[in-house]
Amino acid sequence: MALFDYSIKEIESKLERKDVSASDLVDESFQRIKEVDDKVQAFLTLNEQEARTQAKELDDTGYTGKEKLFGIPVGIKDNIAIKGMPLTCGSQFLRNFDDPLYNATVIEKLNAQKAITVGKLNMDEFAMGSSNENSSFKPTYNPWNTDYVPGGSSGGSAAAVAAGEVLFALGSDTGGSIRQPASFCGVVGMKPTYGRVSRFGLTAFASSLDQIGPITQTVEDSARVLEVIAGQDRMDATSADRNVPAYSEQLTGDVKGLKIAVPKEYLGEGISSEVKEAVTNALHVYESLGATWEEVSLPHSKYAVAAYYLLSSSEASASLARFDGVRFGVRAENTTDMIDMFKKSRSEGFGEEVKRRIIFGTFALSSGQYDAYFKKAQQVRTLIKQDFDTIFADYDVIIGPTAPVPAFKIGEKIADPATMYASDMLTTPVNLAGIPAISVPCGFSNDGLPIGLQIIGKHFDETNVLRAAHAYEQATDHHTKRPNLGGEA
Amino acid sequence: MVALTKEEVKRIAHIARLAITDKEAEKFAKELDTMVGYAQQLAELDTDGVEPTTYVLDMKNVMRQDEPKTWSSREAALTNAPDKQDGQFRVPSILE
């Protein structure tokens, strides 16, 4: 059993008994990266020297038992700022942005608990995409089969955890960008409630939807990382003034009497039979554990993707205005005046998908279109939120698949944007409503690719989401399976 | 149905400060037409009197004390600048 097959809690016991050191953990991480990252291509930047120095310092101090992530190697999605390290967001526009000058709040919180950052992880450019094929640097490959995509946009984060290169990673989720890659890579991906985790230092894609969350191998690790990174932050006015429960202490394994709603829309048209079967089997597991489930309806689900693309693209057209070639990033040469400089710098720096969404968003916000598109989408957002409120009046959690299909082949879907967008059908309503959701492994396709189960909860009720996910995980063995990438692990 | 012309796409691209070629404008016009067509399914829904949601949490006017704070030094803030002069960002001329 490789070192990273253990949970953070188990590694903590090993640290306590001095069976392993922080340096051993960091060695394991870089050893594994050397063995497999040329196949997986999860990392954009490595922080090897600094990570080894930090580990040595921790070992000199010795394990104190006070920190929740002592010596634990972590990978960070490359849209989260770390002082002194490049921040590219997967974009050529930021290829020379070597130091954002400050740490995101989540990084400060990980540092305070003595986690060790081993590097920055690949992503779709500015988090726009569901396959990592939109990274302007390189694609990331699915560790379970490198002919397949890892999902996106946090594809590097999910792949690095699945490949055993790090014990956990942080991603960001605007319309499914943590959950869908977690599903494709057979790991656990949590999108917390909007406002639960500070977004300070996260490069904004769509500010009313974005949320940072953990990608881990187990639900227990997810709970532990979430309790570290959550909480109100004066640097993010949208972070909520709510107590953060000790999530990891509430994983009882008991779901007796838990009331589960299963939306018929989530198991309808477009969902593959393999995925349906895996989800149905999961519901039987819940029954055997004493939970009950009933079919319900979220009647506005089918409108979520259109509302999501209108709102996220509109917000992105404003968020990405900061990339103007004045203060950081690339600046085009041979420009005639200021406006020409803006236009040429942005056009050289942005990839096609980013341009397409900026233009779409600008259209939806332009005079004459605003009411018909932007405002309409905001009204539909209200209806989608009300759908969830209605269900949550009677049920504890909502369960369905995370994605309609397992991972697809590299290049297979990107030719057809509409098909790519359809895979967001199950995840975007959660962001529109601002509620928490997790993806946990619930089986494999005939091709040996992971399938994810999505558990959705009420605002700020991560506790029940994690508890339900944990109980299922402990009753099954999907989370113990590892991809075969060669190497020693 | 809004038919997006090549000229319309170029006009929007200009507002968004993107320089696009004729060929790109043609491609985007086609794709955007599909996306806008897709978005039009929202018109099926009667949203008369439905309050638009801008933020999902019931939070308004988060206040804090307005206190001066030191941030990065001027030199540090300029380290990533593509062009600078005399401690300031340098940009192309904005006047004729």
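Note that the structure is a prediction, hence the values are computed from the model and not measured.

Asks: Can you help me understand the overall build of chain B in this one?
Replies: The helix and strand tally for chain B stands at three helices and two strands. Relative to the compact-globule value of 12 Å for 96 residues, chain B shows a C-alpha radius of gyration of 22 Å, a clear excess of over 25%. Taken along its principal axes, the extent of the C-alpha atoms in chain B is 55 × 45 × 25 Å. Looking at chain B as a whole, 28% of its 96 residues are labelled buried. Expressed as a percentage of contacts within chain B between residues at least 6 apart in sequence, the contacts between residues at least 24 apart total 29%.

Asks: Mind showing me how you'd approach the sheet that holds strand β9 (residues 397-401) of chain A here?
Replies: Backbone hydrogen bonds hold the strands of a sheet together, and the pairing may be parallel or antiparallel. Residue and element names in this part refer to chain A. The sheet built from eleven strands is open, its strands ordered β1-β3-β2-β4-β6-β5-β10-β11-β9-β7-β8 with mixed pairing. The sheet is open, and its two edges are formed by β1 (43-46) and β8 (292-296), each paired on a single side. When the angles between neighbouring strand axes are averaged without regard to direction, this sheet yields 30°. Relative to strand β10 (residues 437-444), strand β5 (residues 188-191) runs antiparallel, the two being bridged by three bridges.

Asks: Help me understand the interface of chain B and chain A, please; the structure alone is not making it clear to me.
Replies: One widely used convention gives an interface's size as the accessible area the parts lose upon coming together. Every contact between the two is made by 54 residues of chain B and, on the other side, 64 residues of chain A. Carbon and sulfur atoms supply 69% of the area that chain B and chain A bury against each other, a total of about 5,300 Å² over both sides. Of all residues in chain B, Leu-42, Val-56 and Asn-80 of chain B give up the largest surface area on contact with chain A, accounting jointly for 12% of the area buried on that side. At the boundary of chain B and chain A, one finds five salt bridges. In this assembly, chain B and chain A are joined by 18 residue pairs in polar contact (both at pLDDT 80 or more). Every element with two or more residues in the side of chain B that touches chain A is listed here: α1 (6-15), α2 (22-39) and α3 (74-78) of chain B. Per element, the largest residue contribution to the side of chain B that touches chain A is nine residues, and it comes from α2 of chain B. Tallied by class, residues from the side of chain B that touches chain A come to 34 nonpolar, ten polar and ten charged.

Asks: In this structure, what is going on with unusual backbone geometry? I would like to understand it.
Replies: Here the bond from Gly-152 of chain A into Ser-153 of chain A is cis, since omega is 5°, no more than 30 degrees from zero. Turning to its location among the elements, Ser-153 of chain A is positioned in the loop between β3 (116-121) and α5 (155-162).

Asks: Just to check I follow, could you spell out the nonpolar core for this structure?
Replies: Where a protein is soluble and globular, its nonpolar side chains tend to be buried together. Judged by nonpolar contacts, the single largest core of 173 residues is most densely connected at Leu-110, Leu-170, Ile-229, Tyr-286, Phe-388, Leu-453 and Ile-455 of chain A. In this structure, Ala-240 and Phe-460 of chain A together with Val-56 and Leu-57 of chain B belong to the second largest nonpolar core, which totals five residues.

Asks: Looking at this structure, how should I read helix α2 (residues 22-40) of chain A?
Replies: In an α-helix there are 3.6 residues to a turn, and that puts residues three or four apart on one side. Residues and elements named next belong to chain A. Roughly 45° is the biggest bend found in α2, and it falls at Lys-34. Among all positions of α2, only Ala-22, Leu-25, Val-26, Ser-29, Phe-30, Arg-32, Ile-33, Val-36, Asp-37 and Val-40 are buried. Tucked into the core, α2 has its buried residues touching α1 (8-16), β1, α3 (48-61), β2 (73-77), β3 and α5.

Asks: Looking at this model, I keep getting lost on the pattern of salt bridges. Mind explaining?
Replies: One pass over the full model with this rule turns up 31 salt bridges over all chains. Between Arg-327 of chain A and Asp-324 of chain A there is a salt bridge, and its shortest N-O distance comes to 3.6 Å. Overall, Asp-324 of chain A belongs to the buried group, its relative accessible area being 14%. Among the salt bridges present, the one from Glu-31 of chain B reaches Lys-27 of chain B, with a minimum N-O distance of 3.0 Å. Within this pair, Glu-31 of chain B and its partner Lys-27 of chain B are both found in helix α2, separated by four residues, close to a single helical turn.

Asks: I would appreciate a short explanation of the pairing of strand β11 (residues 450-456) of chain A in the present structure.
Replies: Side chains on a regular strand alternate between the two faces of the sheet. All names here are of chain A. By the criterion of burial, β11 is predominantly enclosed, with seven of the seven residues buried. Here β11 shows no split at all, with Pro-450, Gly-452, Gln-454 and Ile-456 on one side and Ile-451, Leu-453 and Ile-455 on the other all buried. Bridge count between β9 and β11: four bridges; the pairing is antiparallel. Residue pairing for β11: Gly-400 is matched across the bridge by Gln-454. Note that β10 and β11 share six bridges and pair antiparallel. In the sheet register, Ile-438 faces β11, and the bridge partner there is Ile-455. The loop that links β10 with its antiparallel partner β11 comprises five residues; one of these, Gly-448, has a positive phi angle of about 80°.

Asks: For this particular structure, what's the right way to read the packing of α2 of chain A against α3 of chain A?
Replies: A pair of packed helices is captured by two measures, namely the crossing angle of their axes and the spacing between those axes. Residue and element names in this part refer to chain A. Contact geometry for α2 and α3: axes closest at 7 Å, N-to-C directions at 160°. Of the possible angle classes, the one that applies to α2 and α3 is roughly antiparallel. Contacts from Ala-22, Ser-23, Val-26, Asp-27, Phe-30 and Lys-34 in α2 reach Glu-48, Ala-51, Arg-52, Ala-55, Lys-56, Leu-58 and Asp-59 in α3. Its residues placed into classes, the contact of α2 with α3 shows six nonpolar, one polar and six charged.

Asks: I tried to follow the confidence of the model for chain B on my own but got confused; where do I start?
Replies: Should the pLDDT be low somewhere, the predicted coordinates at that spot are not to be read in detail. Per-residue confidence for chain B averages 90 on the pLDDT scale, and 95% of its residues sit at or above 70. Interface predicted TM-score (ipTM) for the complex: 0.94; the corresponding pTM is 0.97.

Asks: In this structure, what is going on with helix α7 (residues 219-229) of chain A? I would like to understand it.
Replies: Residues and elements named next belong to chain A. Among the eleven residues in α7, ten count as buried, and that is most of the element. Of the residues making up α7, those classed as buried are Val-219, Asp-221, Ser-222, Ala-223, Arg-224, Val-225, Leu-226, Glu-227, Val-228 and Ile-229. With a side-chain oxygen lying 3.1 Å from the backbone nitrogen of Asp-221, the N-terminal cap of α7 falls on Thr-218. Gly-231 sits one or two positions beyond α7 and adopts a positive phi of about 125°.

Asks: Help me understand the packing of helix α8 (residues 273-288) of chain A against helix α15 (residues 462-475) of chain A in this model?
Replies: All names here are of chain A. Their axes nearest at 10 Å, the elements α8 and α15 cross at an angle of 95°. If you check the angle between α8 and α15, you find them roughly perpendicular. Within the contact between the two elements, α8 uses Ala-282, Val-285 and Tyr-286 and α15 uses Ala-468, Ala-469, Tyr-472 and Ala-475.

Asks: What am I meant to see in the environment of Glu-227 of chain A here?
Replies: Residue and element names in this part refer to chain A. As for its placement among the helices and strands, Glu-227 is situated in helix α7. Residues Glu-227 and Tyr-247 lie 20 residues apart in sequence; the distance between their C-alpha atoms is 6.2 Å. In this view, Glu-227 contacts Lys-68, Val-244, Pro-245, Ala-246, Tyr-247 and Ser-248; residues no more than four positions away in its chain are not counted. Reaching out from Glu-227, the side chain makes a polar contact with the backbone nitrogen of Ser-248 at a distance of 2.9 Å.

About the criteria used
Residue numbers restart at each chain and count upward from 1, following the sequence in its written direction. Throughout, the order in which chains and ligands are written sets their labels, letters from A for the former and numbers from 1 for the latter. Predicted model: local features are reported for residues with pLDDT of at least 70 only, side-chain atom pairs are reported and counted for 80 or more only, and whole-chain, interface and lining totals are derived from all residues. Values shown for side chains rest on all heavy atoms present in the structure; no hydrogens or waters enter the calculation. Going along the chain from the N terminus, every DSSP run of H or I of four or more residues is numbered as a helix, and every run of E of two or more is numbered as a strand. When we talk radius of gyration, it's over C-alpha atoms, and the globule rule is simply 2.2 Å times the number of residues to the 0.38. Each residue is placed in one exposure class: buried if its accessible area under a 1.4 Å probe, protein chains only, is under 20% of its type's maximum, exposed if it is over 50%, and partly exposed if it falls in between. The contact criterion used is simple: two residues touch if any of their non-hydrogen atoms lie within 4.5 Å. For two strands to count as paired, DSSP must find a minimum of two bridges between them. Structural elements are reduced to axes, namely lines fitted to C-alpha atoms, with helices fitted over the stretch in contact, and the angle between N-to-C directions of any two is expressed from 0 to 180 degrees. As a working definition, buried area equals the accessible area (1.4 Å probe) given up by two parts on being put together, with both sides summed. Here a salt bridge means any side-chain nitrogen of Lys or Arg lying within 4 Å of a carboxyl oxygen belonging to Asp or Glu. Here a polar contact means two N or O atoms within 3.5 Å. Within protein one must be a hydrogen donor candidate and the other an acceptor candidate, and residues neighboring in sequence count only if both atoms are side-chain atoms. Residue polarity follows a fixed list, in which Ala, Val, Leu, Ile, Met, Phe, Trp, Tyr, Cys and Pro are nonpolar, Asp, Glu, Lys and Arg are charged, and the others, Gly among them, are polar. What makes a nonpolar core is a set of buried Ala, Val, Leu, Ile, Met, Phe, Trp, Tyr and Cys residues whose side-chain atoms join them at distances within 4.5 Å. Fitting axes to the seven residues ending at a residue and to the seven starting there, one defines the bend at that residue as the angle between these axes. Working rule for angles: under 35 degrees goes down as roughly parallel, over 145 as roughly antiparallel, 65 to 115 as roughly perpendicular, anything else as oblique. pLDDT expresses how confident the predictor is about each individual residue, on a scale running from 0 to 100.

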